[in-house]
Amino acid sequence: MQQPIVGFHLDAAQDWVAELACGHDQHVRHAPPWIERPWTQTAAGRQWALGQCLECRKCDRQCPPDRARST
């Protein structure tokens, strides 16, 4: 299920995590050459990504939210 990105935070390993509108979190690592997400590396890139949709597999599996949903 597609869900928009509403925010970001760093995890304990200093990897970026997207906060989705559904209340689930999803890592958005930039780990070339396997994963290309250079937009995660700058504040402007992360700002650009707000509102963009990611496939939320946790929604597909009907998992409980990782945090309170955004309004």
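Further up the page is the structure itself.
Here is a short report on the structure shown in this document. (Residues numbered from 1 in each chain as written. Predicted model: local features only at pLDDT ≥ 70, side-chain atom pairs only at ≥ 80, totals over all residues. Heavy atoms only, no water.)

Section: the sheet that holds strand E4 (residues 53–55)
- Strand order in the open sheet formed by 4 strands is E3-E2-E1-E4, with antiparallel pairing between adjacent strands. Edge strands, defined here as strands with exactly one partner in the open sheet, are strand E3 (25–27) and E4. Taken pair by pair, the neighbouring strands of this sheet meet at an average axis angle of 50 degrees, ignoring direction.
- Of the pairings in the sheet, the one linking strand E1 (residues 2–10) to strand E2 (residues 16–20) comprises 5 bridges and is antiparallel in character. Counterpart to Ile5 in the pairing with E2 is Leu20. (Pairing = 2+ DSSP bridges. Helix = DSSP H or I, 4+ residues; strand = E, 2+ residues; numbered from the N terminus. Axes fitted to C-alpha atoms, helices over the stretch in contact; angles between N-to-C directions.)

What to know about unusual backbone geometry
- The step from Pro32 to Pro33 runs through a cis peptide bond, and the omega angle for that step is 0 degrees.
- When you line up the elements, Pro33 lands in the loop between E3 and helix H1 (43–49).
- Although it is not a glycine, Gln14 adopts a positive phi angle of roughly 65 degrees.
- Within the secondary structure, Gln14 sits in the loop between E1 and E2.
- If you check the backbone angles, Gln62 has positive phi at about 60 degrees while not being a glycine.
- Residue placement: Gln62 occurs in the segment after helix H2 (57–60).

Remarks on the side chain of Glu19
- For Glu19, the position within the fold is in strand E2.
- Of note is the side chain of Glu19, whose polar atom sits 2.7 Å from the side chain of His9.
- Look past the residues within four positions of Glu19 in its chain and what remains in contact with it is Pro4, Ile5, Val6, Gly7, Phe8, His9, His24, Asp25 and Arg67. (Polar contact = N/O pair within 3.5 Å; in protein donor to acceptor, adjacent residues only side chain to side chain. Contact = heavy atoms within 4.5 Å.)

Let's talk about the pairing of E2
- Here E2 lies mainly inside the structure; 4 of its 5 residues are buried.
- From the end of E1 to the start of E2, which pair antiparallel, there are 5 residues, and Gln14 there has a positive phi angle of about 65 degrees.
- With 3 bridges joining them, E2 and E3 adopt antiparallel strand pairing. Counterpart to Val17 in the pairing with E3 is His27.
- What sits between E2 and E3 in their antiparallel hairpin is a turn of 4 residues, with Gly23 showing a positive phi close to 100 degrees. (Buried < 20%, exposed > 50% of the residue type's maximum accessible area, 1.4 Å probe, protein only.)

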